[in-house]
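Listed below, chain by chain, are the residues.
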Amino acid sequence: MDRQITAVLRLPAVRLGLTYAVGCIAAACGDDFLRIILLSGAAVLTAACFAMRREKLLSVGLLLGVFGMSAYMWFYCQPLSGMSGSEIRTSCRVTSVSYYSKYFSAGRALCVLNGFPALIDLTGNYSAQPGDVLDVTITLARADDDLFTFSDGVVLEGGVQEIHSQRHSFSLLGLAGNIRSAAGERLDVLGGDEAALCRGLLLGDTSGFSMKLKRDITWSGLNYMTAVSGAHITLVLMILMELFGRGKRSQAYIAIAAVPLLAVLFGFSPSVMRAGLMMLIAKCSLLFCRRAETMNSLCAAFLALTILAPYAAADPALQMSVLGVFGAAVLGRYLNGLRKFRFEKIWALAKLKEAAVLSLCAMICIAPVSISCFGGISLAEVPASVAA
């Protein structure tokens, strides 16, 4: 088993992904002076590793992570931040609407500012749906300086002063919202908390939860099951593969066709994208006569998500998704194989112990991120996960 772990850790995607993540997060947490020090140190370390012909990928991953995040901060965030306080007229495409009332709306829109494509928090008295294109005059200001806003790539917020024109255009996000709404209406026939719970479990829609249902779910430690996550897309893909693709090639083709559609349906959340890319990499590797390895697929998916968007590496949702998969699928599987106890001769007890170890490892791995970002972690998650 130790030899197998050593072999996994020597895979190129694993070595590159681990140090790339460290470099991105370290550069994101520091100021300009610290980034210069990190960048200089990573460059010297990389040169030394190439000179000695040892650990090249580890050093290159660290250098790429520090350089990518530093370049993003210096050449993208700082020029955009300099536009804070200005009033401009621009064309915005609404990507999401998080709050709407008669006199105030809040959402996000994609526009071009100073030659840069920018995702901004758009607030003001306007009425729009995802996909709408607005010709507006907005007043720019610095967005909230928190980790969640930063990890979404949002630097500025715009207050709508005047709407000059508005037109509707096709949007995948709008189409996905309509599909989810139609599916939710079919579940409403159940009525009451049962319908709301089904919408939460299947679609991640918690808007219809009563206070009693929210309390019961929180106390039971099952909050994660009502948030759209990688579990949703993985479950659907497994069902599709079981029904229509028993062979390895057919499963790969199903993954290629279904992953983009499911990402649109469930939304482009970090955990959904991570699960979809992992499934694509794992299944498609068989088409190239390569053995699928969980850790390799995980690191390759992380690199694919963050190599062009280094700020995404700071997203707590992505970090918890990656660490949770590492804890359950890598660390938990290793610990389960370390020692067999006498009671594991009974099949039911063996499966119970295996599920408990996997859940405990996942909880331990995500605990640092959960505590630092959310102030704690639910101890009920382990027994709740085992029971589920």
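Quick caveat: nothing in here was measured; it's all calculated off a predicted structure.

Chemist: If you had to explain the overall build of the protein chain to someone new, which residues and values would you point to?
Modeler: If you tally the helices and strands in the protein chain, you get 15 helices and five strands. Evaluated residue by residue, the protein chain yields a buried proportion of 40% over its 388 residues. A separation threshold of at least 6 residues defines the contact pool for the protein chain, and within that pool the share at least 24 residues apart is 64%. With an accessible surface of roughly 21300 Å², the protein chain has 65% of that area assigned to carbon and sulfur atoms.

Chemist: Provide a residue-level description of the nonpolar core, including the pertinent values.
Modeler: Side chains of a nonpolar character, in soluble globular proteins, are inclined to be buried together. Core analysis: the largest hydrophobic core is formed by 44 residues, its most contacted members being Tyr72, Leu80, Leu113, Ile120, Leu122 and Leu156. No other element matches helix α4 (residues 56-81), which puts seven residues into this core. In this structure Ile120 touches Gly107, Arg108, Ala109, Cys111, Leu113, Ile138, Val154, Leu156 and Gly158, once residues within four positions along its chain are discounted.

Chemist: Go over the packing of helix α10 (residues 248-266) against helix α11 (residues 270-284) with me, naming the residues and quoting the values.
Modeler: The relative placement of two packed helices comes down to the angle between their axes together with the axis-to-axis distance. In contact at an axis separation of 9 Å, α10 and α11 are set at 170 degrees when each is read in the N-to-C sense. Taken together, the axes of α10 and α11 lie roughly antiparallel to each other. Residues Gln251, Ala252, Ala255, Ile256, Val259, Ala263 and Phe266 of α10 form the contact with α11, whose participating residues are Val272, Met273, Gly276, Met279, Leu280, Lys283 and Cys284. Counted by class, the contact of α10 with α11 contains eleven nonpolar, two polar and one charged residues.

Chemist: Hey, could you go over the environment of Ser210 for me, with residue numbers and the actual values?
Modeler: Take Ser210: it is sitting in the loop between α7 (192-203) and α8 (211-220). Look at Ser210 and you get partly exposed, because its relative accessible area is 25%. Considering only alpha carbons, one finds Ser210 and Gly192, 18 residues apart in sequence, at a separation of 9.0 Å.

Chemist: Help me get a handle on helix α3 (residues 32-52), residues and values and all.
Modeler: With 21 residues, α3 should cover 30 Å at 1.5 Å per step; its first-to-last C-alpha distance of 30 Å lies within 8% of that length. Taken as a whole, α3 has its buried residues at Arg35, Ala42, Thr46 and Cys49. Axial view of α3: buried residues confined to an arc of 65 degrees, hence all on one face. Away from its buried face by more than 90 degrees, α3 exposes Phe33, Val44, Ala51 and Met52.

Chemist: Residue-level account of the pairing of strand β5 (residues 154-168), with values.
Modeler: Where strand β3 (residues 116-124) and β5 come together, four bridges link them in parallel fashion. Paired with Leu119 across the bridge in β5 is Val154. One ladder, built from eleven bridges, connects strand β4 (residues 132-142) with β5; its direction is antiparallel. Looking at β5, one finds that Arg142 is bridged to Leu156.

Chemist: Tell me about the confidence of the model for the protein chain, and name the residues and values.
Modeler: Looking at the protein chain as a whole, the pLDDT averages 82, with 88% of positions reaching at least 70. For the protein chain, helix α15 (residues 381-387) is the element with the lowest average pLDDT, namely 59, and α3 is the one with the highest, namely 94.

Chemist: I'd like to hear about the pairing of strand β1 (residues 87-100), residue by residue, with values.
Modeler: Bridging between β1 and β4 involves seven bridges; their strand directions are antiparallel. When the bridges of β4 are listed, Cys92 appears paired with Leu134. Following β1, the chain reverses through four residues before pairing antiparallel with strand β2 (residues 105-113).

Chemist: Explain the sheet that holds β5 to me, and be specific about the residues and the numbers.
Modeler: Around the barrel, which closes on itself, the five strands sit in the order β1-β2-β3-β5-β4 with mixed pairing between neighbours. The sheet shows a mean angle of 50 degrees between the axes of neighbouring strands, direction not considered. Pairing geometry for β1 and β2, over six bridges, is antiparallel. Within β2, the position partnered with Tyr99 by the bridge is Ala106. Contacts between α4 and the sheet are confined to β2, β3, β4 and β5, with β3 contributing the most and set at about 45 degrees to the helix.

Chemist: Which residues make up the packing of aromatic side chains, and what values go with them?
Modeler: Inspection of every chain in the model, using the stated rule, returns four aromatic pairs. Geometrically, the ring pair formed by Tyr72 and Tyr76 is stacked, given 5.4 Å between the ring centres and 20 degrees between the ring planes. With Tyr72 and Tyr76 both in helix α4, this residue pair falls four residues apart, about one helical turn. The pair Tyr72 / Tyr76 is uniform in exposure class, with both members buried. For the ring pair Tyr76 and Phe116, a centre distance of 5.7 Å and an interplane angle of 85 degrees mean the geometry is edge-to-face. One end of the pair, Tyr76, is in helix α4; the other, Phe116, is in strand β3, and 40 residues separate them in sequence. Residue classification places Phe116 among the partly exposed positions, given a relative accessible area of 23%. An aromatic cluster is built from Tyr72, Tyr76, Phe116, Phe150 and Tyr311, whose rings are joined through pairwise contacts.

Chemist: I'd like a rundown of the pattern of salt bridges, residues and numbers included.
Modeler: As enumerated under the stated definition, the model contains seven salt bridges in all. Of the charged contacts in the structure, one is a salt bridge between Glu293 and Arg333, with a shortest N-O distance of 3.7 Å. Separated by 40 residues along the polypeptide, Glu293 in the loop between α11 and α12 (294-306) and Arg333 in helix α13 (residues 316-336) bring together distant segments of the chain. Residue class for Arg333 comes out partly exposed when judged on its relative accessible area of 45%. The closest approach of N and O atoms between Lys351 and Glu354, which form a salt bridge, is 4.0 Å. One end of the pair is Lys351 and the other is Glu354, both in helix α14 (residues 347-374) and three residues apart, which spans about a single turn. Each of Arg108, Asp121 and Asp152 takes part in a single network of salt bridges with overlapping partners.

Parameters and conventions
Residues numbered from 1 in each chain as written. Predicted model: local features only at pLDDT ≥ 70, side-chain atom pairs only at ≥ 80, totals over all residues. Heavy atoms only, no water. Helix = DSSP H or I, 4+ residues; strand = E, 2+ residues; numbered from the N terminus. Buried < 20%, exposed > 50% of the residue type's maximum accessible area, 1.4 Å probe, protein only. Contact = heavy atoms within 4.5 Å. Areas by Shrake-Rupley, 256 points an atom, 1.4 Å probe, with all protein chains shown as cover. Core = buried A, V, L, I, M, F, W, Y, C linked by side-chain atoms within 4.5 Å. Axes fitted to C-alpha atoms, helices over the stretch in contact; angles between N-to-C directions. Parallel < 35°, antiparallel > 145°, perpendicular 65-115°, else oblique. Nonpolar A, V, L, I, M, F, W, Y, C, P; charged D, E, K, R; others polar. Expected span 1.5 Å × (residues − 1). Arc of directions from axis to C-beta. Pairing = 2+ DSSP bridges. pLDDT = per-residue confidence, 0-100. Phe/Tyr/Trp six-rings, centres within 6.5 Å; stacked < 30°, edge-to-face > 60°. Salt bridge = Lys/Arg side-chain N within 4 Å of Asp/Glu carboxyl O.

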